[in-house]
Amino acid sequence: IRESATLTRDVLEQHFNDLKGTLKKLLDERLMSLLQEVDAIEEDSIKPLDECQKLIEHGVSTADDLLREGESAVHGDVGQQNEKLCSFTKKALHIQLDSLPEVPSLVDVPCLSAQLDDCLLTILKNQIFRHGTVASRPPVQLEEFVEKPGGILVRWCKVDDDFIPQDYRLQYRKSTASHFEDVYVGSETEFIVLHIDPNVDYQFRVCARGDGRQEWSPWSVPQIGCTTLVPHEWTAGLEGYSLSSRRNIALRNDSQSCGVLYSKAPTYFCGQTLTFRQVLSGQLIETVGQPDRRDSLGVCVEQQNGYDSLQRDKAVCISTNGAVFVNGKEMTNQLPAVTSGSTVTFDMEVVQLGPSSNEGGNFKLRVTISSNNREVVFDWVLDQCCVSLYFGCSFSYPGWKVLVF
C-alpha cells in the first residue's frame, strides 16, 4: 500500500507539473498571437494617417516658405522687387493650397481594445476539478504465470464486476530496465510472451479499456515472472533449411537436399505443451509450400539421420495432409490438413511405467495432438523410459516456415 501510494503521488505530481508547463506554454503562445494581431492592425491602420499627415505638413511647409518669400519681395530693395514679385507670382500660381488629402472620419479610425471572456476561468476551473481520479483497486489483475521454453504464458482476470472490458493491454520489462513496453493489446485474457531469457526476472502489468471508452484503466499491481526452461531451437547447419537468428524459426528453402530437421537438444518434456505456429499472427505456417505425403511435424526419442521423414519408429508426427503416424504406422483418425493459418500442438503425459526397461518392461505416454480445433488422443508405447524428447520437421518442397515454442 505504501509503495503504490508513493508511486501514485509521484505520478500525480509529475502529471500536474507537466500540465502547468503545457498550459503556460499555450497561454504564452496565445498572448504572443494576440500581440502580433495588435501590431498588425496598428501598422495597417496608422499607415494612411501617417501619409496624410506628411502631405499636410509638406503643404503647410511649402505655404510657409512662399509666405516668407512674398514678405521678402514686398520689403526688399526696389531694384530686386520686381524680380522677386515675378518669382513669387509664378510659384503662387502653381501651389495648390486649397487641395488637401482626405482625412478619415473619426468613426473610420480603428480604436483597439482587448475582449477577454472571464467564463474561460470558470470552464477551466470546472474541468480541472473533474480532472483525474484515484482508484483504490484496478479493475483487472494478473492471475497466473506459466513457464514455457523461452517464454511465459501470462493470464489475467477481471476483478471489478461492474467493469465491462473491451480491450486489454499487457506490458513487461526486465527487472533491470526502467521502462515498460507493450507486448499485447487485444480482447484475450492470456498471452504467451516469447523471447524471454531463462532465469531472468521480468515484471508484468496489465490494464483494460472499458466498453466504448478511449482511456485505459489504472495498471494492475506489477508482478514478477520468469522461466527456467531454455527456448526450443532447431539444429543449425542442415542443408535445405534456413533458420532465424534465434533459431526458433525454420524455413524450407529451395535446396534439393532433403531430410529431417531436429531440435538442437531434447528440450521437450512430458507435461509441457509443444506448439508450432506462425511467426507474426500466432498461427502455424507463415508461408506454405506444396504438400507431400512424407511431410511431418512431431517428436521423437532420438535423432536418426538418413530418414527423410518422422514417419518412422520411436516417433509420433502429423503430416501436412492431416494424417497421424505413431512409430511409422498411420492411424485411422485424421486431423485437418495443415495449411496457412493452422496451429499444431503436442501434449504428453506419462500414464504407465514398466518395472524395468532392461527386463522388457514398457513406457507408455498419453499423447494429444491438436490441429485446427480438433484433436486425437492415443497411447504411445516405447521400450525405454523417456521424459525428454526431440522435436523435428521435414518438408519435401520449399516455402514452409515454422515457429516452434
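This one's a predicted model, so the numbers in the text were calculated from it and none came from an experiment.

### Observations concerning the overall build of the protein
Of regular secondary structure, the protein possesses three helices and 21 strands. Against the compact-globule benchmark of 22 Å for 405 residues, the protein has a radius of gyration of 44 Å, which places it well outside the compact range. Across its three principal directions, the C-alpha atoms of the protein cover 160 × 60 × 35 Å. When contacts within the protein are restricted to residue pairs at least 6 apart in sequence, long-range pairs at least 24 apart make up 61% of them. Each charge class in the protein was averaged separately, 38 positive and 56 negative side chains, and the resulting centres sit 8 Å apart.

### Some details on the sheet that holds strand β4 (residues 181-186)
Taken in spatial order, the four strands line up as β4-β3-β6-β7 in an open sheet, and their pairing is antiparallel. Unpaired on one side and paired on the other, β4 and β7 (223-225) mark the two borders of the sheet. Ignoring strand direction, the axes of neighbouring strands in this sheet form an average angle of 30 degrees. Pairing of strand β3 (residues 165-174) with β4, which is carried by five bridges, proceeds in the antiparallel orientation. Bridging from a neighbouring strand, Tyr 168 pairs with Gly 186 of β4.

### Some words on a negative patch on the surface
Residues Asp 39, Glu 42, Glu 43 and Asp 44 make up a contiguous surface patch of negative charge. We classify Asp 44 as exposed; its relative accessible area is 59%.

### What to know about the packing of aromatic side chains
Summed over the entire model, instances satisfying the criterion amount to 11 aromatic pairs. Arranged with centres 5.9 Å apart and planes meeting at 25 degrees, the rings of Tyr 172 and Phe 204 form a pair that is stacked. Here Phe 204 lies in strand β6 (residues 202-210) and Tyr 172 lies in strand β3, a separation of 32 residues in the sequence. Given a relative accessible area of 0%, Phe 204 falls into the buried group. On the basis of an interplanar angle of 80 degrees and a centroid distance of 6.1 Å, the ring pair of Phe 276 and Phe 346 is categorised as edge-to-face. You can see Phe 276 sitting in strand β12 (residues 273-277) and its partner Phe 346 sitting in strand β17 (residues 344-353), a full 70 residues away along the chain.

### Digging into unusual backbone geometry
Of note, Asn 199 is a non-glycine position whose phi angle comes to about 60 degrees, a positive value. Its location among the elements puts Asn 199 in the loop between β5 (190-194) and β6. If you check the backbone angles, Lys 314 has positive phi at about 60 degrees while not being a glycine. Looking at the element boundaries, Lys 314 is found in the loop between β13 (296-300) and β14 (315-318). Overall, the relative accessible area of 17% leaves Lys 314 in the buried class.

The rules we used
Residues numbered from 1 in each chain as written. Predicted model: local features only at pLDDT ≥ 70, side-chain atom pairs only at ≥ 80, totals over all residues. Heavy atoms only, no water. Helix = DSSP H or I, 4+ residues; strand = E, 2+ residues; numbered from the N terminus. Rg over C-alpha atoms; globule rule 2.2 N^0.38 Å. Contact = heavy atoms within 4.5 Å. Lys, Arg positive; Asp, Glu negative; His and termini not counted. Charge placed at Lys NZ, Arg CZ, Asp CG, Glu CD. Pairing = 2+ DSSP bridges. Axes fitted to C-alpha atoms, helices over the stretch in contact; angles between N-to-C directions. Patch = residues over 30% accessible without salt bridge, like charges linked within 9 Å, V, L, I, M, F, W, Y side chains within 5 Å. Areas by Shrake-Rupley, 256 points an atom, 1.4 Å probe, with all protein chains shown as cover. Salt bridge = Lys/Arg side-chain N within 4 Å of Asp/Glu carboxyl O. Buried < 20%, exposed > 50% of the residue type's maximum accessible area, 1.4 Å probe, protein only. Phe/Tyr/Trp six-rings, centres within 6.5 Å; stacked < 30°, edge-to-face > 60°.

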